[in-house]
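Each chain, letter by letter, is given below.
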Amino acid sequence: MSYRKKETTTVVSQEMISEGIFDLRVKTAAASDCVPGQFVGVFPPSDAHILMRPISICDADPDGQILRMVYRIAGEGTKGISKLKAGDEVKLLSVLGNGFPLETAKDKKVAVFGGGIGIPPMLYTSEKLQGISKETEIYLGYRNSDTFLADEFKPCGTVNIVSEDGSIGYKGNVLDAIRERNYRPEVIYACGPMPMLRAIKIFAEETGALAYISLEERMACGVGACLGCVCKTVHKDAHSHVNNTRICTEGPVFDAREVEI
Amino acid sequence: MDTKVTIAGVELKNPVMTASGTFGSGMEYSDFVDINRLGAIVTKGVANVPWSGNPTPRVTETPSGMLNAIGLQNPGVDVFIERDLEFLKQFDTPVIVNVCGHTVEEYLEVVERLADTNASLLEINVSCPNVKQGAIAFGQKTEALFDITKRIKAVARQPIIMKLSPNVTDIAEMARAAEAAGADAVSLINTITGMKIDINRRKFVLANKTGGLSGPAIRPVAVRMVYQCANAVKIPVIGMGGIATYEDALEFIMAGATAVSVGAVNFANPYATVEIIEGIEKYLQDTGTQSVKELIGCVR
Ligand SMILES: Cc1cc2nc3c(=O)[nH]c(=O)nc-3n(C[C@H](O)[C@H](O)[C@H](O)COP(=O)(O)OP(=O)(O)OC[C@H]3O[C@@H](n4cnc5c(N)ncnc54)[C@H](O)[C@@H]3O)c2cc1C
Ligand SMILES: Cc1cc2nc3c(=O)[nH]c(=O)nc-3n(C[C@H](O)[C@H](O)[C@H](O)COP(=O)(O)O)c2cc1C
Ligand code: FES
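Residues numbered from 1 in each chain as written. Chains lettered and ligands numbered in written order. Predicted model: local features only at pLDDT ≥ 70, side-chain atom pairs only at ≥ 80, totals over all residues. Heavy atoms only, no water.

Some remarks on the site of ligand 1
All names here are of chain A. Using the following cut-off: Only a single heavy atom is needed: when it lies within 4 Å of a molecule or strand, its residue is near that molecule or strand. Counted as a polar contact is a pair of N or O atoms within 3.5 Å, where, for protein atoms, one must be capable of donating a hydrogen and the other of accepting one, and residues adjacent in sequence contribute only when both atoms are in side chains. Here the accessible surface of atoms and residues is derived via Shrake-Rupley with a 1.4 Å probe, and residues count as covered only by protein chains that are part of the display.
Taken together, 20 residues surround ligand 1, and among them Arg 53, Pro 54, Arg 72, Thr 78 and Arg 218 come closest. Here a nitrogen atom of ligand 1 and a side-chain polar atom of Ser 56 are 3.0 Å apart. Note that an oxygen atom of ligand 1 is positioned 2.8 Å from one of the backbone N or O atoms of Gly 77. Considering ligand 1 on its own, with 830 Å² of exposed area, one finds that the protein chains cover 87% of that surface.

Focus: the sheet that holds strand S6 (residues 66-72) of chain A
Picture the strands of a sheet paired through backbone hydrogen bonds; they go either parallel or antiparallel. Residue and element names in this part refer to chain A. Applicable threshold: Pairing between strands is defined by DSSP: at least two bridges between them are needed. Every helix listed is a DSSP run of H or I at least four residues long, and every strand listed is a run of E at least two residues long, numbered separately from the N terminus. Note on definitions: angles span 0 to 180 degrees between N-to-C directions of axes, and those axes are lines fitted to C-alpha atoms, for helices only across the stretch in contact.
On the basis of which strands lie adjacent, the open sheet formed by seven strands has the order S4-S3-S7-S1-S2-S6-S5 and antiparallel pairing. Since the sheet does not close on itself, it has two edges, and those belong to strand S4 (53-56) and strand S5 (59-61), each with one partner. Shown here is a sheet whose adjacent strand axes are inclined to one another by a mean of 35 degrees, direction ignored. Direction of pairing for strand S1 (residues 5-18) relative to strand S7 (residues 89-96): antiparallel, over a ladder of six bridges. Looking at the pairing, Thr 9 lines up with Val 90 of S7.

Overview of the site of ligand 2
All names here are of chain B. Note the following rule: Note that Gly is not counted as nonpolar here; it falls among the polar residues with everything else outside the nonpolar set of Ala, Val, Leu, Ile, Met, Phe, Trp, Tyr, Cys and Pro and the charged set of Asp, Glu, Lys and Arg.
Close to ligand 2 lie 22 residues, the nearest being Ser 20, Lys 163, Gly 215, Gly 242 and Ala 264. Within the contact set of ligand 2, an oxygen atom lies 2.7 Å away from a side-chain nitrogen or oxygen of Lys 163. For ligand 2, an oxygen atom lies 3.1 Å from a polar atom in the backbone of Gly 263. Alone, ligand 2 offers 610 Å² of accessible surface; in the complex the protein occludes 98% of this. Across the shell around ligand 2, the residue classes break down as six nonpolar, 14 polar and two charged.

A word on the interface of chain A and chain B
Definition in use: Should any heavy atoms of two residues lie within 4.5 Å, those residues are counted as being in contact. Once two parts are joined, some of their accessible surface, as seen by a 1.4 Å probe, is lost; buried area is that loss totalled over both. Criterion for a salt bridge: a side-chain nitrogen of Lys or Arg within 4 Å of a carboxyl oxygen of Asp or Glu.
Chain A puts 30 residues into the contact, and the matching count from chain B is 37 residues. A buried area of about 2,700 Å², summed over both sides, lies between chain A and chain B, and 59% of it is on carbon and sulfur atoms. Summed over the shared surface of chain A and chain B, the number is two salt bridges. For Glu 28 of chain B, the salt bridge identified is with Arg 246 of chain A, shortest N-O distance 3.1 Å. For the pair chain A and chain B, the number of links is 14 residue pairs in polar contact (both at pLDDT 80 or more). Elements with a minimum of two residues in the side of chain A that touches chain B: S1 and strand S15 (244-246) of chain A. The class makeup of the residues in the side of chain A that touches chain B is 16 nonpolar, seven polar and seven charged.

Quick word on the domain arrangement of chain A
All names here are of chain A. Put simply, the rule is: Segmentation into domains, and thus their bounds, comes from an automatic or database assignment.
The domains assigned to chain A are domain 1 (5-96) and domain 2 (102-216). Between the C-alpha centres of domain 1 and domain 2 there is a distance of 24 Å. The interface of domain 1 with domain 2 comprises 17 residues on the first partner and 13 residues on the second. Of all residues in domain 1, the largest losses of buried area upon contact with domain 2 belong to Pro 36, Cys 58 and Arg 72, amounting jointly to 37% of the total for that side. Counting across the domain 1 and domain 2 interface gives one salt bridge. Put simply, Arg 68 and Glu 152 hold a salt bridge, and the shortest N to O gap is 2.8 Å. Summed over the shared surface of domain 1 and domain 2, the number is four residue pairs in polar contact (both at pLDDT 80 or more). Counting residues per element, the ones that place at least two in the side of domain 1 that touches domain 2 are S1, S5 and S6. The element that contributes the greatest number of residues to the side of domain 1 that touches domain 2 is S6, accounting for four residues. Here the residues of the side of domain 1 that touches domain 2 sort into 10 nonpolar, three polar and four charged.

Thoughts on the pairing of S7 of chain A
Each regular strand carries side chains that alternate between the two faces of the sheet. Residues and elements named next belong to chain A. Heads up, the condition is: Exposure classes here rest on a 1.4 Å probe applied to the protein chains alone. A residue is buried below 20% of its type maximum, exposed above 50%, and partly exposed in between.
The element S7 is extensively covered by neighbouring structure, given that six of its eight residues are classed as buried. Pairing of strand S3 (residues 39-42) with S7 involves three bridges; the strand directions are antiparallel. Within S7, the residue paired with Gly 41 across the bridge is Leu 93.

Description of the sheet that holds strand S16 (residues 259-262) of chain B
Residues and elements named next belong to chain B. The strand order S3-S16-S15-S10-S9-S8-S7-S4 describes an open sheet built from eight strands, whose pairing is parallel. Every other strand in the sheet has two partners, leaving strand S3 (16-18) and strand S4 (41-42) as the edge strands with one partner each. Where strand S10 (residues 185-188) and strand S15 (residues 237-240) come together, three bridges link them in parallel fashion. Residue pairing across strands places Val 186 opposite Val 237, the latter belonging to S15. Here helix H8 (residues 272-286) sits on the sheet and contacts S3 and S16; the angle it forms with S3, its principal contact strand, is near 170 degrees.

Observations regarding the side chain of Asp 248 of chain B
Residues and elements named next belong to chain B. Tracing the backbone through its elements, the reader meets Asp 248 in helix H6 (residues 246-255). On the basis of relative accessible area, Asp 248 is assigned to the buried category, the value being 7%. Beyond its immediate chain neighbours, meaning those up to four positions away, Asp 248 contacts Arg 219, Gly 242 and Ile 243.

Focus on the side chain of Asn 48 of chain B
Along the chain, Asn 48 of chain B turns up in the loop between S4 and strand S5 (59-62). Here Asn 48 of chain B is in contact with Val 77, Glu 106, Glu 109 and Val 110 of chain B, once residues within four sequence places are set aside.

Notes on the pairing of strand S14 (residues 210-214) of chain B
All names here are of chain B. Here strand S6 (residues 65-68) runs beside S14; their pairing, made up of three bridges, is antiparallel. The partner of Leu 67 across the bridge, within S14, is Leu 213. As judged from the four bridges shared by strand S11 (residues 192-195) and S14, these two strands associate in the antiparallel manner. Bridged to Thr 193 within S14 is Gly 212.

Structure, rendered in structure tokens:
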């Protein structure tokens, strides 16, 4: 078991990097004890919010002990978090979830997919794939030409930008782009909206690639106690003994073949 | 200074326990709290066979609280005995097993399977608002509650705690029915049925439409109900509903609770139970109170 605590951390910086999208950096020792695909529970500043907000780790700097999260304002909780300034305190429940199995990519052709607000965790993932995979192609799906974070992926592989409205890069979705490029990955890592993940599951089945997808569900405890965050599974789950698995604990990353989405 | 309390002959080192369904079987929170510090651990509801529970979303936040409609997902009593009860054997903390079922027969089957285990007490959940059949149906009519209590009491090897629903007109009447049927204690409150609507999607937030409200939002309702029940029956009352601090716990104890459970607040603060125990110890010391027992029902 890795880093597991609720702690009060200090905000190092926070800035809006795109309309409604924030880049939050906090000081915590968790930065040296986490892997890509894991997430943290960020508590909104007001005590009226009793539940943490699950936010993926976008990047971690073990030397500076800085954990970076990039998130979109979705409601009251994230709105409260977005008001935090450098020096403010923020409570975190960390580190949660399993993370992407990167060893599987050893000497393999890899595709990384990120869609919308599913892009942030794929940055840390792409960084860590360097030196493991044989080749990495990165597909980032945006709504329009507001391509937050895209530049930061450049050192990690071939970056393919895709926009729904065609205003930049490939037009359509990330699957349209990979088909157009005729790239055949052996291993896939993905986070994004459910329709994208469903399409990736099918793409992987068709091409024989191994696909690891990161899922979302509403959470209460984040540690596997409340059974709030489950996803249907193909096989009986070892913990629950029914066809349900806890996204916060057995996930959020699953082999696409194992889950029914 | 003495923090010990007794429920149906079972001594607890302090009056603070976990609320069923919010602490798993302790495994998930043992990274945060020393289970040995707890007065007792109350496990997630368990049925005779595995239950899959409700579709998702199952949880959502509400002001100072949350709604849940887990639907009593559980691995069934056989796995529970082999894995969860086995895990809990390593601690010097009494285990209270929360039992659920769709029919009286299902409850009886679980109770009988637990007879020779390390469960010290059984808490009978007749108050879960999130399953369609059974469960709460037994907890909303005095005759039904009396009947199921009597039938479980007849076969149970351990003392039984009937867990009462707040979704009734008169909870004191329910406590009296449980006592009359032979219950060794009552615990309250289970969650209050609620609903949340997503106005943008024009849909219910929870797949189950309704869910049970818990957390600090329900605390004053719970304190009032504990007071009413404690004044209606002689058996011990276990109080819960939104307890977050030792001050909250003492409110319940002064209203008449012999012990208290911490539920949804574990999610907000995984250290809550131990902090509450330490707070009560300090309160006793600071106020020169010999025993926590002196505080039980001291406000009349
Ligand atoms: C494992 C995981 C990783 C995530 N990573 C990121 C990320 O890196 N960046 C980002 O912008 N968002 C991420 N999300 C989504 C993020 O958690 C929600 O947008 C956020 O909780 C919304 O909170 P709110 O109070 O602003 O919204 P409200 O809608 O007001 O929230 C009400 C309640 O619903 C929950 N909730 C609402 N939407 C979601 C959702 N999509 N997923 C889970 N719970 C939700 C909230 O936590 C809260 O308890 C992630 C979700 C999960 C499960
Ligand atoms: C996620 C969740 C799961 C619960 N599961 C159970 C259960 O299995 N059996 C039961 O008797 N009560 C269950 N409860 C009710 C709690 O034990 C408790 O009675 C209620 O939540 C009020 O306390 P609180 O406000 O401190 O949470 C559950 C509550 C929550 C929030
Ligand atoms: S959020 Fe509680 S089990 Fe996953």
